[in-house]
2 protein chains.
Amino acid sequence: MKIGLLGHGVVGSGVTAITDSCAGKKVRRLEVTRILVKDESEMTDPRCTMNVEEILSDPDIEAVAECMGGLEPAHTFVRRALENGKHVVTSNKKMFAAYCGELFELAKENGVSIRYEASCGGGIPWISNLTRIRRLEPISSFCGIFNGTTNYILSRMTLTESEFAQNLAEAQKLGYAEKNPTDDIDGYDVRYKTAITAMRAFGVIVDSSEIPTLGISAVTAEDIRWAKENGYALKLFGSGTNLPDAVSLWVMPVFVGSKDVFAHISDNFNAVQSVSKDLGRAIFVGQGAGSLPTAHAVVQDLLDIYQNQDSDMPAPGSRHVCNDGVKAQFYVRTAAPEKFAEFKASDAGAHALLTKTISLSELLAALKGCGDETVFAAMVTE
Amino acid sequence: MKIGLLGHGVVGSGVTAITDSCAGKKVRRLEVTRILVKDESEMTDPRCTMNVEEILSDPDIEAVAECMGGLEPAHTFVRRALENGKHVVTSNKKMFAAYCGELFELAKENGVSIRYEASCGGGIPWISNLTRIRRLEPISSFCGIFNGTTNYILSRMTLTESEFAQNLAEAQKLGYAEKNPTDDIDGYDVRYKTAITAMRAFGVIVDSSEIPTLGISAVTAEDIRWAKENGYALKLFGSGTNLPDAVSLWVMPVFVGSKDVFAHISDNFNAVQSVSKDLGRAIFVGQGAGSLPTAHAVVQDLLDIYQNQDSDMPAPGSRHVCNDGVKAQFYVRTAAPEKFAEFKASDAGAHALLTKTISLSELLAALKGCGDETVFAAMVTE
C-alpha cells in the first residue's frame, strides 16, 4: 500500500524510520512514497515535496498519514484526502478533536476510514483497546494521565522539590515541551485527548470547549510539598463518565493517594484507565509521546487499514457535557482565601485550604470570581 | 456463529452470561448452542449435555470454547474439535502450555485457528496486545504479576501484617484460590503463563518444566515486614527475555522498590509489561481472573474468529530455556544460613540474609542443597 506522509517532524520522521526499516513482514507492504515538508531545509529525502498536490492528487497513494499538527492546513489536507478517496491516519489531537464529527461523515461518504490511535495516548495503545472492549460492552468511565510533558514536570518537581519554571525549562531542553508550552501546561492537550477518548469510549462527539480545564502552570513547590507530606502525588487528570443524556468530562490536577497506581506513573509516561461492567478496571501504561512510540501507533493504524480491519463503530452522536454529578474535596492555594471561605473545611499548609465536599461547578465559579491569578486548585481523591 | 461450550464452571458460566445478554451488536451473532457439563447437578439449561459428541460431532457448531481446566479430557476434546474442523478458544493455561505446539499444527492442518487470550492475563487483554506489538517489531522482554490469587495473598499480608496460612484460607473463602492451591502458591500457574507469553511474545515453544519456579508458600510475615521496612513490596513475578539462541524464563518472588508501578498492583489484579525497541515499555493492568473478566477474553477470541481476524503469526519453533545471564541480589530466609555463607553480603533481619550479586543458577543450587524446607528466597531489584 502506497502512503503519502504529511509532515516530517518528530512523529513523521518516526513513521519513515519504522516503515523504511522493514522490521515486520507486514510492515514491508507499507510504502511511504511521498513526504510533504514545510521548506527547503527539510528536503532531505528524494521522496520529499513541498507541493501537497503531489500527494492528494496521486492516484497510487491509498492512504495519507497526517503528522503535521495544528488546525490548518492539516484539517484542509485531511478533508481533501478523504474527498479524494484516500484513507487517513492522523496523530493530530488538536485538529481531530475539533473536526472528528465532520471527518467521520466525510470518510463514510467516500467509503474510506479515518484512524487516530496516535492522537491520544501515543503508543499505549489506548484507542484500539477501547475499541476492543466496546465491541463487547459499553464503557462506563475513564480517567488517567494523558500528557507526558506535564507528568514529567510534576515528577521532577516531586523528586527534586524544585519550582515549576525550572522544570518546564528542562522539559523544553529535552524536547518534551514545546517552545510555546500552553497546550500542555494549561491542560488543552489533555482536553483534546479527553474529547477524543469520550468519542471512542462512549460514542459521543462533544464541543471540547465545554470541558472544564484546569492546568498546572500555577503549581508551586509548596503545593507539591503539601502533597508529599499528606500522602499524595499530584497528577494532571482527564476524566470521563457516561451519563444517560450527557457526558461528564473534566480536566484538572488531582492529588491521588500514594498507594494508587497513578501516583507511581513517572517521567513522561501516560496511564489511562477504562471501567466497564464485565472487564472491570483495565489500565494501560506507556509512552504517550515521543517520536517512535507515536509513530508506532501511526503505523499500527496503517496496518489495520491495509488489513481492512474496519473498527465498524456506530457513528457517534453529539452530546453535551454535564458535570453536575462531580463532587469532591478540593485543595486551593490562593492569595484571596476570603473568596473561598464559605467552602473551607480546613487549612492545608500556610497558604492553602481544603474545601468541604462541593461540586466542581461551585469550585469553578469561585475560581473565576476570586481575582487571584496565582491561584492553584486540584481535586483531592480518597 | 454457533458455539459449543466445554465446561460451565466459573469461566464457562461467564461466557453464557455475556453471549446470552446480547449486549453488543456483534456479540448477538455468537450463539452458544450446546454446553458440556460434568454431571446431572449442572444440567441447569436446556443446552446442557453430558455427552461431548453432541458438540464435537455437530456439523453446525463452528467453534468450541474450552473452559474445563486441567490436562485431560480437555486436551483430547480440543484435539478432536480441531480435527473435526472447528475453531477452538481455550482459557486453560495448564493444557495449552503443555500442548500448544501440537495444537497449533493440528489447527493449521485443519484450516482452523486456536486462540487463548483467556489462558494468560485473563481479561487484561495481554495476548492481543502482544500480537499487535509483534506485527510491527520483536518484543525483547516481558515481566510482571501473572497470578491474582498470590497477589491477593501478598497484598493482604502487607496490609494486615498477618501470616500466609490465614490469608490463603481467606482467598479460598472468597473463591480466589482453589481447594488445592498448589498451582497458584507454588508458582506453577505463573509458569504456564510465562511459557504461553514466551510463545506469543518471542514465537518460541518451551518445555515449561525447564522454567525455574519458586512460589510463595514459604513466605512469612517476617519477610513482608523486612520488605516494608526496606522500601520494597513483595510480588510473585514471571519474567522472560529473548536471547539469540534461547530464552531466559523464570518465576520467583521479587522485592520491587516501592516507587515501582508493580509495587502498587493490589488485591487480585495482574500487571504485565512488554518491552520493545520502538514502543518501549508498555504495561497492562487488569483483572487476571474471575468469571466475567476471563469470559470477556473468551468472547473476544470468539469474535475475532467470527470476524476472521487471523493473527497470522509465524509458527513458533522450539527453544531451550537458558538463565545464565540472570544475575541479581537475593533475599534468603533460612534455618540453615551456613549453606549460603559463601554468597552472603549482609544480614536482612534476624533470620535472613542478602546475597552478593550471584547468578540465578547459583541460588537455585544452594536452595536445592540447603535441606531447609522452610527456606524462602526472593530476588531483590534496584
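See the structure above.
About the cut-offs
Residues numbered from 1 in each chain as written. Chains lettered and ligands numbered in written order. Predicted model: local features only at pLDDT ≥ 70, side-chain atom pairs only at ≥ 80, totals over all residues. Heavy atoms only, no water. Contact = heavy atoms within 4.5 Å. Buried area = accessible area lost by both parts, 1.4 Å probe. Salt bridge = Lys/Arg side-chain N within 4 Å of Asp/Glu carboxyl O. Polar contact = N/O pair within 3.5 Å; in protein donor to acceptor, adjacent residues only side chain to side chain. Buried < 20%, exposed > 50% of the residue type's maximum accessible area, 1.4 Å probe, protein only. Helix = DSSP H or I, 4+ residues; strand = E, 2+ residues; numbered from the N terminus. Pairing = 2+ DSSP bridges. Core = buried A, V, L, I, M, F, W, Y, C linked by side-chain atoms within 4.5 Å. 1 Å grid on protein atoms, 1.4 Å probe; cavity = no way out; pocket = protein on both sides within 12 Å on 5 of 7 lines; lining within 4 Å. Points joined across faces, edges and corners; volume = space filled by probe spheres on them. Axes fitted to C-alpha atoms, helices over the stretch in contact; angles between N-to-C directions.

Asks: Quick one: what's the story with the interface of chain A and chain B, residue by residue and with numbers?
Replies: Chain A puts 46 residues into the contact, and the matching count from chain B is 46 residues. Considering only the side of chain A, the residues that lose the most area to chain B are R132(A), R135(A) and L136(A), jointly responsible for 20% of the buried surface there. Counting across the interface, chain A meets chain B through four salt bridges. In this structure, R135(A) and D304(B) form a salt bridge, with 2.8 Å as the shortest nitrogen-oxygen distance. Where chain A touches chain B, the interface holds 19 residue pairs in polar contact (both at pLDDT 80 or more).

Asks: Mind laying out the pairing of strand 1 (residues 2–6) of chain A, listing which residues take part and the relevant values?
Replies: Residue and element names in this part refer to chain A. Within strand 1, four of the five residues are buried, which leaves the element mostly enclosed by the surrounding structure. Sheet topology note: the strand 1/strand 4 (residues 61–66) ladder contains five bridges and is parallel. Looking across to strand 4, one finds that G4 is bridged to V64. Where strand 1 lies against strand 2 (residues 31–36), five bridges are found, and the strand directions are parallel. What sits directly across from I3, in strand 2, is V32.

Asks: With reference to specific residues and values, describe the pairing of strand 16 (residues 352–355) of chain A.
Replies: All names here are of chain A. Neither face of strand 16 is open: one carries A352 and L354, the other L353 and T355, and all of them are buried. The sheet contact formed by strand 14 (residues 327–333) and strand 16 spans three bridges and is antiparallel. When the bridges of strand 16 are listed, Y331 appears paired with L354. Strand direction decides the pairing type here: strand 15 (residues 344–347) and strand 16, joined by three bridges, are antiparallel. Each bridged residue has a counterpart across the sheet, and for D347 the counterpart in strand 16 is L353. The loop that links strand 15 with its antiparallel partner strand 16 comprises four residues; one of these, G349, has a positive phi angle of about 80 degrees.

Asks: An account of the nonpolar core is requested, with residue identities and associated values reported.
Replies: Core analysis: the largest hydrophobic core is formed by 154 residues, its most contacted members being W126(A) and W126(B). In contact with W126(A), other than residues within four places in its own chain, are E117(A), C120(A), F142(A), F146(A), T197(A), V272(A), Q273(A), S274(A) and F284(A). One finds W250(A), V261(A), F269(A) and A328(A) within the second-largest nonpolar core, a separate group that totals 65 residues.

Asks: Describe empty space enclosed by the protein, with residues and values.
Replies: Within the structure shown, the criterion is met by three cavities of 30 Å³ or more. The computed volume of the largest cavity comes to approximately 70 Å³.

Asks: Please give an account of the sheet that holds strand 1 (residues 2–6) of chain B that cites residues and values.
Replies: Residues and elements named next belong to chain B. Strand order in the open sheet made by the six strands is 3-2-1-4-5-6, with parallel pairing throughout. Unpaired on one side and paired on the other, strand 3 (48–49) and strand 6 (114–115) mark the two borders of the sheet. Along the sheet, helix 1 (residues 10–21) makes contact with strand 1 and strand 2 (31–36), crossing strand 2 at roughly 160 degrees.

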